[in-house]
Amino acid sequence: MSRSLKKKSFVAIIMGSKSDWKILKQTAIILKKLNIPFFTQIVSAHRTPFRMIEFAKKAKSKNISVIIAGAGGSAHLPGMTAAITDLPVIGVPIETKSLKGLDSLLSIVQMPYGIPVGTVAIGETGAKNAALYAASIMSLKDKDIAKRLSLWRSKQTQSVKLKPKN
């Protein structure tokens, strides 16, 4: 991590396994378009639990403002991360072969009182919305991000046609 990133506030995109990157790449694309600094890391709640604990404990001291955590199956990564840090955690359910991501969604969204995880849709749409959600959180303290997010949303609105083409 470069020194210049440490001075800025940024987003961490974490995932349970390398295969989750196929979906979470969409998060990175949106963050790049909004010029929001981020980094990615594989942090499995089950296969690398000590890495996950260390990451979550040190996240705030590394100037992370929002954590986007993608996971499939039992999908414990977002909730376990939220249990360790008081930073905002956004959970992205990754689609699974056996239950089409419903297992991931339910695991992430059903957090006990006191350990909130902002949960988005399953798959690519959720990954994209997680980036926009993180941007809106960061825009509360960063006027430049607020301007870029407002412009992005305005362009999205303008792209919707009044009438369908024949």
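Scroll up to find the structure this text is about.
Note that the coordinates shown come from a computational prediction; the quantities given were computed from them, not determined experimentally. (Residues numbered from 1 in each chain as written. Predicted model: local features only at pLDDT ≥ 70, side-chain atom pairs only at ≥ 80, totals over all residues. Heavy atoms only, no water.)

### Description of the overall build of the protein
Within the protein, the regular secondary structure consists of 7 helices and 5 strands. If you list the helices and strands of the protein from N to C, you get α-β-α-β-α-β-α-β-α-β-α-α. Relative to the compact-globule value of 15 Å for 166 residues, the protein shows a C-alpha radius of gyration of 16 Å, a close match. Expressed along its principal axes, the backbone C-alpha trace of the protein runs to roughly 55 × 40 × 30 Å. Each of the 166 residues in the protein was classed as buried or not, and the buried ones make up 43%. Looking at the protein as shown, the accessible area adds up to about 10,000 Å², and 56% of this sits on carbon and sulfur atoms. Charged side chains in the protein number 27 positive and 8 negative. The centres of these two groups are separated by 7 Å. (Helix = DSSP H or I, 4+ residues; strand = E, 2+ residues; numbered from the N terminus. Rg over C-alpha atoms; globule rule 2.2 N^0.38 Å. Buried < 20%, exposed > 50% of the residue type's maximum accessible area, 1.4 Å probe, protein only. Areas by Shrake-Rupley, 256 points an atom, 1.4 Å probe, with all protein chains shown as cover. Lys, Arg positive; Asp, Glu negative; His and termini not counted. Charge placed at Lys NZ, Arg CZ, Asp CG, Glu CD.)

### A word on the side chain of Thr-27
Along the chain, the position of Thr-27 falls in helix H2 (residues 21-33). With relative accessibility at 0%, the residue Thr-27 sits in the buried group. Residues in contact with Thr-27, not counting those within four places in the same chain, are Ile-13, Ile-68, Ala-127, Lys-128 and Ala-131. (Contact = heavy atoms within 4.5 Å.)

### Topic: the environment of Lys-147
With respect to the element layout, Lys-147 can be found in helix H7 (residues 143-158). C-alpha of Lys-147 to C-alpha of Leu-34: the two residues are 113 residues apart in sequence and 9.6 Å apart in space.

### Focus on the nonpolar core
One finds Val-11, Ile-13, Ile-36 and Val-92 to be the most contacted residues of the largest nonpolar core, which totals 26 residues. Taken together, the elements giving at least two residues each to this core come down to strand S1 (10-15), H2, strand S3 (64-72), strand S4 (89-94), helix H6 (124-138) and H7. A per-element tally of this core places H6 first, with 7 residues. The residues touching Val-11, leaving out its near neighbours within four places in the chain, are Leu-31, Ile-36, Pro-37, Phe-38, Phe-39, Val-66, Ile-68, Ala-134 and Met-138. Of all hydrophobic cores here, the second largest spans 20 residues; its members include Ile-14, Ala-45, Ala-59 and Leu-87. (Core = buried A, V, L, I, M, F, W, Y, C linked by side-chain atoms within 4.5 Å.)

### Remarks on the environment of Thr-48
Locating Thr-48 in the fold gives a position in the loop between strand S2 (38-42) and helix H3 (49-58). Note: C-alpha distance between Thr-48 and Gly-16 (32 residues apart in sequence) is 8.9 Å. Only 2.9 Å separates the side chain of Thr-48 from the backbone nitrogen of Ser-44, close enough to count as a polar contact. (Polar contact = N/O pair within 3.5 Å; in protein donor to acceptor, adjacent residues only side chain to side chain.)

### Details of the packing of H3 against helix H4 (residues 77-84)
Relative orientation of the contacting elements H3 and H4 amounts to 50°, with a least axis distance of 8 Å. By the angle between their directions, the pair H3 and H4 is classed as oblique. In this structure, H3 meets H4 at a crossing whose hand is right-handed. Contacts between H3 and H4 involve Met-52, Ile-53, Phe-55, Ala-56 and Lys-57 from the first element and Leu-77, Met-80, Thr-81 and Ile-84 from the second. Class assignment for the residues of the contact of H3 with H4 results in 7 nonpolar, 1 polar and 1 charged. (Axes fitted to C-alpha atoms, helices over the stretch in contact; angles between N-to-C directions. Parallel < 35°, antiparallel > 145°, perpendicular 65-115°, else oblique. Left-handed = near helix turned anticlockwise from the far one by under 90°. Nonpolar A, V, L, I, M, F, W, Y, C, P; charged D, E, K, R; others polar.)

### Here's the deal with helix H5 (residues 102-109)
Taken as a whole, H5 has its buried residues at Asp-103, Ser-104 and Ile-108. One side of H5 carries all its buried residues, which in axial view fall inside an arc of 125°. Its buried side turned inward, H5 meets S3, H4, S4 and strand S5 (118-119). (Arc of directions from axis to C-beta.)

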